[in-house]
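# Structural description and commentary
Residue-level listing of the chains:
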Amino acid sequence: MSATRLPCCVLLLTLSSAASAATFCVSTSNELVTALAAAETNNQDDEIRLRAGTYSAPSGGFRFRNGVISGGDDADIRISGNWSVFFGNPCGIQLSLDPFDTVLDGNFSTRVMEITPRANTAVHVSLLAFLSGNTVGTPTPQAGAGLHVRISTSHDATVTIERNAFVGNVAEDFGGGLSAGSGAGFFLINNLFIANTANCRHGAASLTDNSALGAFVINNTVAFNNVGDDCPQSNDRGGGVRIGGSANMLFANNIFWGNENQDLMLQTSTARLVANDIGVLFGSPGAGSGINFNFDPDFSLQTFLDFRLAETSPLLDLGILPSINASWQLPDTDLDGNLRVQGVSVDLGAYESAQRLLADGFE
């Protein structure tokens, strides 16, 4: 089938009335806006592929709002970065697995992205860097300056946020980097949260899950996020991650360290914490929790955004591996694209140390 041109030069790789999925390839901010608008109402499962580069967010941010617009459909949405040309296909291959190669930039003036799904819309976001979002001074307090996935109790499809970076976003209220959740299953896997701020609550992320499937927060690094002084609730102010809801939740192999006031806030009794490194914990871990740590991670910090573990880090090999029939699995690669397990077990956080590739007799 020949390619079809949409306004603003959005390339639609696959689309027909009989097809069940549409794939958009975009390389500019205007093309991304157009692709998101088309995906809201075309009654197909949609995949939006972003070519590597920088995308400046328009006023109000990039928006996918099939849950609130007239004519919105129930189809799923996948948004991912780092696509390149491959044998004539303009978005045929992902040559890089570094989220910083595809940047969505709020330029300190607007939220970066909002996703408001309908009840049956599954959401998957990967390989993107959400930078410099800002919702401060908006008419009503707005959460999720980097990414806001609006949910409701009727939202019964999964939300997966995987292999992204959230850096330098500032929210008026809660969830400076990310505000998200689900009513049918939530996955936060292999993400990096650095230097995000909420003027009121939860600088890095605010998460909620009320699903039967549960929430899985696996191998994330959350460090040096901040919170302002605009909250009357003194015990609700933490720079790290907050999670609430009624679902069963598993936190495994994460690093929560160096965030202002609190590194992890549990506003639920159902969060099972296993093999996490936590500086300051607020709330009580759920049944089955254990083997958590309170070690300085010893980040490499060769550059501002270098949150890989140093060779001397005590967090190397401290993670847990899922059983064969577990309801969660490790990602295949870390945030650099390295294979996930390099030693006797998985490292904590978003990065796997590659220092050991030549060790143990392979020098």
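The paragraphs below set out a description of the structure included in this document. As the structure is a computational prediction, the values presented were derived from the model and not from experiment. (Residues numbered from 1 in each chain as written. Predicted model: local features only at pLDDT ≥ 70, side-chain atom pairs only at ≥ 80, totals over all residues. Heavy atoms only, no water.)

### So, the overall build of the protein chain
Which entries qualify depends on this criterion: Here a strand is any run of E in DSSP of at least two residues, a helix any run of H or I of at least four, and the numbering for each starts at the N terminus. Residue burial is assigned from relative accessible area. The probe radius is 1.4 Å, only protein chains are included, and a residue is buried under 20% of its type maximum, exposed over 50%, and partly exposed in between. Here, two residues are considered to be in contact whenever any of their heavy atoms come within 4.5 Å of each other. Calculation of accessible area relied on Shrake-Rupley with a 1.4 Å probe; when residues are assessed, cover is drawn exclusively from the protein chains displayed.
Helix and strand counts for the protein chain come out as one helix and 31 strands. Within the protein chain, buried positions represent 56% of all 363 residues. Contacts spanning at least 24 positions in sequence make up 67% of the contacts within the protein chain whose residues lie at least 6 apart. Accessible surface computed for the protein chain: about 14300 Å², of which carbon and sulfur atoms make up 52%.

### Focus: the nonpolar core
Counted only if it meets this: Definition of nonpolar core: a set of buried residues of the types Ala, Val, Leu, Ile, Met, Phe, Trp, Tyr and Cys, connected through side-chain atoms within 4.5 Å.
Formed by 49 residues in total, the largest nonpolar core has its most connected members in Ile-48, Leu-104, Leu-147, Ile-161 and Leu-178. Ranked by residue count, the leading element in this core is helix α1 (residues 29–41), at four residues. Sequence-distant contacts of Leu-104, that is, excluding residues within four places in its chain, are made with Leu-32, Leu-50, Tyr-55, Phe-62, Val-112, Met-113, Leu-128, Ala-129, Phe-130 and Leu-131.

### Quick look at the layout of surface pockets
Definition in use: Grid points spaced at 1 Å over the protein atoms alone were grouped into cavities, where a 1.4 Å probe fits but cannot get out, and pockets, open sets with protein on both sides within 12 Å along at least five of seven lines, with lining residues defined by an atom within 4 Å of a point. Grid points are joined across faces, edges and corners, and a volume is the space filled by probe spheres set on the points. The classification used treats Ala, Val, Leu, Ile, Met, Phe, Trp, Tyr, Cys and Pro as nonpolar, Asp, Glu, Lys and Arg as charged, and all other residues, Gly among them, as polar.
Within this model, the largest pocket holds a volume of roughly 240 Å³. In terms of lining residues, the largest pocket is bounded by 14 residues, among which Gln-94, Ser-126, Leu-127, Glu-162 and Arg-163 are the most central. Element by element, the count of residues in the lining of the largest pocket is highest for strand β7 (residues 77–86), at three residues. Broken down by class, the residue content of the lining of the largest pocket amounts to four nonpolar, five polar and five charged. Within this model, the second largest pocket holds a volume of roughly 160 Å³. Considering the residues around the second largest pocket, the lining is formed by 13 residues, among which Gly-60, Thr-110, Arg-111, Thr-138 and Gln-142 are closest to the centre. For the lining of the second largest pocket, a count of residues per class yields one nonpolar, eight polar and four charged.

### Quick word on the sheet that holds strand β12 (residues 129–131)
Note the cut-off: Here a strand pair is declared whenever DSSP counts at least two bridges between the two strands.
Strand order across the open sheet formed by eight strands is β5-β9-β12-β15-β19-β23-β27-β30, with parallel pairing between neighbours. Where the open sheet ends on each side, the last strands, each with one partner, are β5 (53–56) and β30 (277–278). Judged from the three bridges that link them, β12 and strand β15 (residues 165–167) form a sheet pairing that is parallel. Counted as the bridge partner of Ala-129 is Ala-165 from β15.

### As for the sheet that holds strand β6 (residues 62–64)
Adjacent strands of a sheet pair through backbone hydrogen bonds, lying either parallel or antiparallel. As summarised here, the arrangement of the eight strands in space is β6-β10-β13-β17-β21-β25-β28-β31, forming an open sheet in which the pairing is parallel. Because the sheet does not close on itself, it has two edges, and the strands there are β6 and β31 (281–282). The pairing of strand β17 (residues 178–182) with strand β21 (residues 205–209) spans five bridges and is classified as parallel. When the bridges of β21 are listed, Ala-180 appears paired with Leu-207.

### Topic: the pairing of β21
Most of β21 sits out of view: four of its five residues are buried. Where β21 meets strand β25 (residues 241–244), four bridges bridge the pair, whose relative direction is parallel. Paired with Thr-208 across the strands is Gly-244, a residue of β25.

### A closer look at α1
Residues Ser-29, Glu-31, Leu-32, Thr-34, Ala-35, Leu-36, Ala-39 and Glu-40 constitute the buried set of α1. Following α1 by one or two positions, Asn-43 has its phi on the positive side, about 60°.

### Some remarks on the side chain of Ser-84
For Ser-84, the location among the structural elements is in strand β7. Those residues within four positions of Ser-84 in sequence are excluded, and the remaining contacts are Arg-51, Asn-89, Pro-90, Cys-91, Gly-92, Ile-93 and Leu-95.

### Some points on the environment of Gly-176
Considering the arrangement of structural elements, one finds Gly-176 in the loop between β16 (170–171) and β17. Taking relative accessible area as the criterion, Gly-176 reaches 0% and is therefore assigned buried. A sequence separation of 43 residues divides Gly-176 from Gly-133, and the C-alpha atoms of the two residues are 8.4 Å apart. Dropping the residues within four chain positions of it, Gly-176 is found in contact with Gly-144, Ala-145, Gly-146, Asn-169, Val-170, Ala-171, Asn-196, Thr-197, Ala-198, His-202, Gly-203 and Ala-204.

### Digging into the pattern of salt bridges
So the rule is basically this: The term salt bridge refers to a pairing of a side-chain nitrogen on Lys or Arg with a carboxyl oxygen on Asp or Glu at a separation within 4 Å.
Evaluated as defined, the whole model comprises nine salt bridges. Ionic pairing is found between Arg-201 and Asp-173, a salt bridge with its closest N-O pair at 2.9 Å. Separated by 28 residues along the polypeptide, Arg-201 in the loop between β20 (197–198) and β21 and Asp-173 in the loop between β16 and β17 bring together distant segments of the chain. Residue Arg-201 is classed as buried on the basis of its relative accessible area, which comes to 17%. Several salt bridges share partner residues, and in doing so they unite Arg-63, Arg-65, Arg-111, Glu-114 and Arg-150 into one network.

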